[in-house]
Amino acid sequence: MSAQDDSYRKAVNEHGAALERLARAYEAGPEDRRDLLQEIHIALWRSFAGFDQRCSLRTWTYRVAHNIAVTHIYRGRRAKKISLLSIEELEESEQPAVSSSSAAAVESQQLLYQLYALIQRLNPADRQIITLYLEDLDAASIGEIVGISPGYAATKIHRIKRILAERFLEGRQS
Amino acid sequence: MTTDNGSDFLRALWQKQSGSSFSMEPDDIQRRLSRIQADLRDGKILVYTLCPGIAIWFAYCLTFTTQAIVTRVGLLLSILGMNFWVGLVWLYNRDRQNALANSDAAGQTSCVEFYRAELVRQRNFNRGAWFWSRLLALFAGLFFTMWEPLHLGARDSNAPRVVNLIVISILAILAVWLSYRSSRKLQQQIDAIDAMKRANGAGGPP
């Protein structure tokens, strides 16, 4: 077994579930999501041929996955013509509608549907920050993956927290 | 704090999601990769056969059929316009495939830089010298190619030619407007990223 295969297997064991959540954050349709997930796995395996361990396995895996996902949605978006928002624009926009099928689901499922609907409206840069935040990464790690300063990442995270609280939990309590 | 409690709850909910445990074995990846590369090769062969085929057909019409000089100019411009178009699509795909084929670059490049490069590729597709060259050549070619046949169809009237000019002008204006609107939107996103990078350099958010 080559070092490339080893690194790939280790990345999938440690971050496989996160990659699935990431794919769902980028693609709403099950088929598109599966295509994206396959593309990420293929790119990830290929990328490990050049993995020089200058960054952690986690940083490398997330970078490859997010970068491939961005290319994937832009390829699809030509046909879909969705306009994507920044976190700041999202704060002022309307809450996305939840489909009737999800309304019948349990509350946590509803919250997840709403969360995904909200994330899928964001532009890639902000979508990367919010998904990495939800994966429990700190500002420094998010900054390293996305390519922004930890201070800037912390500011964005603060805004994300406020939006999540306003959009989901205050609505839930009321 | 409510905000932290709320987002912590969502974070926990997010991480609790059960996946379908999707996985691929390296051998499986290699097989799929070979299949994808074969499909890409087939697609390229089809395009590269079709395009010269059309160009040869036009060249034949231009050289061996008795066309008026204005129709020949029109055909020549149409060939040029199509070549510019194919050339640009080829360059766009080459850049994109280079970025994807070199997958380790996706691990070495930060997400913001990678995203910016994608936006620049798309913006360049919609504006610049390549855009104007294909637009002018294609629309002028279409106009001149139709000049003589329209005259033959209505000998005593210039109305069909005027209608042709109006239709082509509307299509050209629409093409320019759509392309520039699209490239302006992309440029706004590029500017936002650049502003973010400048703010990073200054050590804080904008």
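Every value quoted in this text rests on a predicted model; they were computed, and no experiment measured them. (Residues numbered from 1 in each chain as written. Chains lettered and ligands numbered in written order. Predicted model: local features only at pLDDT ≥ 70, side-chain atom pairs only at ≥ 80, totals over all residues. Heavy atoms only, no water.)

> Mind showing me how you'd approach the overall build of chain A here?
Looking only at helices and strands, one finds nine helices and zero strands in chain A. In sequence order, chain A lays out its α and β elements as α-α-α-α-α-α-α-α-α. Contacts in chain A between residues far apart in sequence, at least 24 positions, make up 70% of those at least 6 positions apart. Per element, the accessible surface of chain A, about 7400 Å² overall, is 46% carbon and sulfur. (Helix = DSSP H or I, 4+ residues; strand = E, 2+ residues; numbered from the N terminus. Contact = heavy atoms within 4.5 Å. Areas by Shrake-Rupley, 256 points an atom, 1.4 Å probe, with all protein chains shown as cover.)

> What should I look at first to understand unusual backbone geometry in this one?
Comment: phi is negative for the bulk of residues other than glycine, and the bulk of peptide bonds are trans. Residue and element names in this part refer to chain A. A positive phi angle, close to 60 degrees, is found at glutamine 53, a residue other than glycine. By the element assignment, glutamine 53 lies in the loop between helix H2 (30-47) and helix H3 (57-80). Judged by its relative accessible area of 60%, glutamine 53 falls in the exposed class. At aspartate 136, a position not held by glycine, the phi torsion is positive, near 75 degrees. Mapped onto the elements, aspartate 136 comes out in the loop between helix H7 (124-134) and helix H8 (139-146). (Buried < 20%, exposed > 50% of the residue type's maximum accessible area, 1.4 Å probe, protein only.)

> Please clarify how a nonpolar patch on the surface should be interpreted in this entry.
Among the surface-exposed residues, Val47, Tyr48 and Trp90 of chain B lie close enough to one another that they form a single nonpolar patch of about 290 Å² accessible area. Relative to the elements of secondary structure, tryptophan 90 of chain B occurs in helix H3 (residues 69-101). (Patch = residues over 30% accessible without salt bridge, like charges linked within 9 Å, V, L, I, M, F, W, Y side chains within 5 Å. Salt bridge = Lys/Arg side-chain N within 4 Å of Asp/Glu carboxyl O.)

Geometric descriptors of this kind do not, in isolation, establish any biological role.
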